[in-house]
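# Breakdown of the fold
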Amino acid sequence: MMDDSDKKYVNLLDLITQDRELPEGYDQWGIRSVHPDLKSRNNFRWAFPGHVSEAAGPFSEQQGECPSRDGDGICLATSWRGMANGAIPAITLLLCAYRESDVLGGSRDAKLRLKSALVVDVLDGARLVRERGQSAHLIGANLSGAQLIGAHLSGANLSGAQLIGAHLSGANLRRADLIGANLRSANLSGAHLRSAHLIGANLSGANLRSANLSGANLRSANLRRADLSGAHLIGAHLIGADLSGADLRRADLSGAHLSGADLSGAHLRSAHLSGANLEGSIR
């Protein structure tokens, strides 16, 4: 396994704003995931670009990050994890500017509550990730259902990300950090996951047909009923993984580490298992 302790990840908010100047009178950038109708939590409708979104007052002394009632302000994220806390997938995004004097509370590395914010632009979050996600800092991002076909995400940090039902067929996820990520029912057919970190990831019901997972670390991963037919798992670490009911027909598991793995009900017809370690596996 590679050592990522000194790896420098790219903050996508910095990429979005690197060629932009803050509007006059504003101090910082923030971002907000919204529904396509520009509504967010509690049915709050954000302004169109060029206009200010204002929270209802009088303002409370609430100390948490999330507004729960009038007076708590509106919420802007400063990270992808902060956006995920709102439970709205980061697909339709609002780039906003705010004044320090309007901050009511929250966390500088997650999200802030504000009296008001200027909506600057509407962004396609999935497109940003597809085109600029390589080596990006996407910890905890909510990208469930996102169209990420062929995305360039090699070396990206997606640990703890929500990617339920995401479309990642043909995506480049080599050496990506997907530790603890939720990829349930995601489409990863033909994806490149060589040497990816998938420890404890949820891949139940995922489509991994013909995916390249050679050398990937899938220790304790949930691959229950996943389609791994024709997948390349040469030298993959599957120690303690749940592969019950998985389709492994024609999969190449040469030299794979499967000790303690649950292979009950798995389909292994024409699978290549030469040199695989099956000690203690359940079959």
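Residues numbered from 1 in each chain as written. Predicted model: local features only at pLDDT ≥ 70, side-chain atom pairs only at ≥ 80, totals over all residues. Heavy atoms only, no water.

Scanning the chain for helices and strands turns up three helices and seven strands. Secondary structure of the chain in N-to-C order comes out as α-β-β-β-α-β-β-β-β-α. Considering only intrachain contacts with a sequence separation of at least 6, the fraction spanning at least 24 residues in the chain is 33%. Here the chain displays about 12500 Å² of accessible surface, and carbon together with sulfur accounts for 45% of that area. Distance between charge centres in the chain, computed from 29 positive and 27 negative side chains, equals 8 Å. (Helix = DSSP H or I, 4+ residues; strand = E, 2+ residues; numbered from the N terminus. Contact = heavy atoms within 4.5 Å. Areas by Shrake-Rupley, 256 points an atom, 1.4 Å probe, with all protein chains shown as cover. Lys, Arg positive; Asp, Glu negative; His and termini not counted. Charge placed at Lys NZ, Arg CZ, Asp CG, Glu CD.)

By size, the foremost hydrophobic cluster in this structure holds 73 residues, and its most contacted members are Leu 198, Leu 228 and Leu 233. Among the secondary structure elements, those contributing two or more residues to this core are helix H1 (12-17), strand S1 (28-34), helix H2 (80-84), strand S4 (92-98), strand S7 (116-124) and helix H3 (125-132). A per-element tally of this core places H1 first, with four residues. Excluding its chain neighbours within four sequence positions, the residues that come into contact with Leu 233 are Leu 213, Ser 214, Leu 218, Leu 228, Leu 238, Leu 248, Ala 251, Asp 252, Leu 253, Ser 254 and Ala 256. In terms of nonpolar packing, the next biggest core, distinct from the first, is built from 14 residues, Ile 74, Leu 76, Tyr 98 and Ala 117 among them. (Core = buried A, V, L, I, M, F, W, Y, C linked by side-chain atoms within 4.5 Å. Buried < 20%, exposed > 50% of the residue type's maximum accessible area, 1.4 Å probe, protein only.)

This part takes up the environment of Gly 140. On the secondary structure map, Gly 140 appears in the segment after H3. Residue classification places Gly 140 among the buried residues on the basis of a relative accessible area of 9%. It is 21 Å that separates the C-alpha atoms of Gly 140 and Gly 150, two residues lying ten residues apart in sequence.

This part takes up the pairing of S7. Side chains on a regular strand alternate between the two faces of the sheet. As judged from the three bridges shared by strand S2 (residues 52-54) and S7, these two strands associate in the antiparallel manner. Within the sheet, the bridge partner assigned to Val 52 lies in S7 and is Leu 118. Here S4 pairs with S7 via six bridges, running antiparallel. Each bridged residue has a counterpart across the sheet, and for Cys 96 the counterpart in S7 is Val 119. (Pairing = 2+ DSSP bridges.)

Here we take up unusual backbone geometry. Residues Gly 57 and Pro 58 are joined by a peptide bond in cis, for which omega reads -5°. Tracing the chain through its elements places Pro 58 in the loop between S2 and strand S3 (74-77). Despite not being glycine, Leu 38 has its phi angle at roughly 65°, a positive value. Of note, Leu 38 is situated in the loop between S1 and S2.

Residues of the chain with pLDDT of at least 70 account for 96%, and the chain-wide mean is 92. pLDDT under 50 marks residues 1-6. Its contacts with residues more than four places away, or in other chains, come to six contacts. (pLDDT = per-residue confidence, 0-100.)

Take the packing of aromatic side chains next. Scanning the model with the defined rule gives one aromatic pair in all. Ring geometry for Phe 44 against Trp 46: centres 5.5 Å apart, planes inclined by 85°, an arrangement best described as edge-to-face. Exposure remark for Trp 46: the relative accessible area of 3% places this residue in the buried category. A cation sits over an aromatic face here: Arg 99 above Tyr 26, 4.2 Å from the ring centre. (Phe/Tyr/Trp six-rings, centres within 6.5 Å; stacked < 30°, edge-to-face > 60°. Lys NZ or Arg CZ within 6 Å of the ring centre and 35° of its normal.)

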